[in-house]
Amino acid sequence: MRIRPQLLAVLAIAVTALAVQAPAAFATTPAPGYEQFAGCPSHAENPTIEVCTHATINGGYFQMGNKNVPIKKQMTLSGGFNGELGGFAANSKGGLTPVKQLVPGGVIGLTGLDWLINFLSIEALQLYAVTEAVGPPSLGETLNLPIRVHLINPVLGNNCYVGSPSTPIQLHLTEHTTSPPPPNTPISGVPFEFKGDENGILTLNNGVVVDNSFAAPGASGCVLTLFGFIPISINGLVNSASGLPAPAGTNATSQNMNMQLVSASLVYP
């Protein structure tokens with residue numbers, strides 16, 4: 001994902017735009033036409049932010065172990081970077097949106113506990129996965145994103161996760177061709193279509209970013225409570241039924257993405 005030349009063009013447009021303005025103070029809400037960047041911190045919130053970003057993930061899949069989850073509900077990542085495209089930060093309106101994606105096979109497929117079908121309704125057997133960022137993303141040759149996956153079903157308790165802040169799933173998403181360890185073989189994304197506009201916004205449309213080199217740790221915090229008061233850890237069941245932990249070269253993701261980048265000085269003049 002080589003975006004630095006295009007980003008420099010955006011910043012050049014921003015400098016030109018600011019040259020014809022004489023703001024007395026920094027704004028604290030996005031200027032008209034830049035409302036989609038509300039998750040980017042203003043100068044008052046974080047003076048190190050120089051570039052605002054807003055990205056949407058509109059489809060694809062996420063496979064770890066033997067579970068493959070289609071991405072059917074849009075996810076959004078918004079915030080801002082410093083001038084080196086690091087130091088990501090977001091305010092209360094930004095970050096990675098917690099979107100529930102339906103997991104095929106439900107909680108029985110995750111745990112192997114077939115007898116649950118005798119006690120739970122079809123709706124109660126459904127399982128959802130929520131991707132959560134556990135560290136700041138950065139942009140360079142790849143979009144680097146440390147995450148964990150929250151597995152949601154009443155049977156699992158409230159804290160069933162794959163990955164954590166200390167042992168995240170480290171994604172390095174690229175529009176180019178990967179070089180994974182075996183048994184995975186290289187896969188390729190789809191390059192973004194670049195477009196600038198009169199507002200100084202660089203738009204990257206219709207890209208597909210991929211990664212099949214990441215590892216996935218085992219599950220943690222998955223607890224089955226019997227009779228309403230006897231907690232039993234089922235991390236082992238989840239791991240056994242789901243093929244976790246899964247080493248690098250056995251997992252993959254492909255994500256349909258659109259992204260916008262703009263100088264923070266235009267969002268908050």
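Residues numbered from 1 in each chain as written. Predicted model: local features only at pLDDT ≥ 70, side-chain atom pairs only at ≥ 80, totals over all residues. Heavy atoms only, no water.

**A closer look at the nonpolar core**
Judged by nonpolar contacts, the single largest core of 52 residues is most densely connected at F62, L151, L156, I169 and L171. Setting aside anything within four residues of it in sequence, one finds F62 in contact with K67, N68, V69, I147, V149, I169, L171, F214, A252 and T253. One finds Y34, C52, V267 and Y268 within the second-largest nonpolar core, a separate group that totals 13 residues. (Core = buried A, V, L, I, M, F, W, Y, C linked by side-chain atoms within 4.5 Å. Buried < 20%, exposed > 50% of the residue type's maximum accessible area, 1.4 Å probe, protein only. Contact = heavy atoms within 4.5 Å.)

**Describing the state of the cysteines**
Enumeration over the complete set of coordinates arrives at two disulfides. Covalent S-S linkage joins C40 and C52, the inter-sulfur distance amounting to 2.1 Å. One disulfide, between C40 and C52, carries an S-S torsion of -70 degrees and so falls in the left-handed class. Linking C40 in the loop between helix 1 (4-19) and strand 1 (51-64) with C52 in strand 1, this pair joins segments that are 12 residues apart in sequence. Look at C52 and you get buried, because its relative accessible area is 0%. The disulfide partner of C160 is C222, and the gap between their sulfur atoms is 1.9 Å. With the S-S bond torsion at 65 degrees, the cross-link from C160 to C222 turns out right-handed. Of the two residues, C160 sits in the loop between strand 8 (143-152) and strand 9 (161-162) while C222 sits in the loop between strand 13 (219-220) and strand 14 (223-226), which places them 62 residues apart along the sequence. As far as burial versus exposure is concerned, C160 and C222 are alike and both buried. (Disulfide = S-S within 2.5 Å. Helix = DSSP H or I, 4+ residues; strand = E, 2+ residues; numbered from the N terminus.)

**What to know about the environment of P104**
Here P104 lies in the loop between strand 5 (100-102) and helix 2 (106-111). A relative accessible area of 45% places P104 in the partly exposed class. In this view, P104 contacts N68, V69 and P70; residues no more than four positions away in its chain are not counted.

**What about the pairing of strand 12 (residues 202-211)?**
The buried count for strand 12 comes to eight of 10 residues, which makes it a mostly enclosed element. Across four bridges, strand 11 (residues 193-196) lies against strand 12 in antiparallel orientation. Bridge pairing in strand 12 links F194 to L204. Joining the antiparallel neighbours strand 11 and strand 12 is a turn of five residues, in which G200 adopts a positive phi near 80 degrees. (Pairing = 2+ DSSP bridges.)

**So, the confidence of the model for the chain**
The predicted model of the chain has a mean per-residue pLDDT of 90, with 89% of residues at 70 or higher. Within the model, pLDDT remains below 50 along residues 10-24, and this stretch shows 14 contacts once partners closer than five positions in the same chain are excluded. (pLDDT = per-residue confidence, 0-100.)

**So, helix 3 (residues 235-242)**
Among all positions in helix 3, only N235, V238, N239 and S242 are buried. Each buried residue of helix 3 sits inside an arc of 95 degrees when the element is viewed along its axis, so together they form one side. In this structure, helix 3 carries G236 and S240 as exposed residues pointing more than 90 degrees from its buried face. On its buried face, helix 3 is in contact with strand 1, strand 2 (67-70), helix 2, strand 8, strand 13 and strand 15 (230-233). After helix 3 finishes, the residue G243 shows a positive phi value of roughly 70 degrees. (Arc of directions from axis to C-beta.)

**Concerning the side chain of S254**
Within the secondary structure layout, S254 lies in strand 16 (residues 252-263). The exposure class of S254 is buried, given its relative accessible area of 14%. Ignoring anything within four residues of it in the chain, the contact list for S254 reads G59, G60, Y61, I71, V208, V209 and V210.

**Brief notes about the pattern of salt bridges**
Counted according to the given criterion, the structure contains one salt bridge. With a shortest N-O distance of 2.8 Å, R148 and E132 are connected by a salt bridge. Here R148, found in strand 8, pairs with E132, found in strand 6 (residues 128-133); they are 16 residues apart in sequence, far enough to count as distant. Owing to a relative accessible area of 19%, E132 belongs among the buried residues under this scheme. (Salt bridge = Lys/Arg side-chain N within 4 Å of Asp/Glu carboxyl O.)

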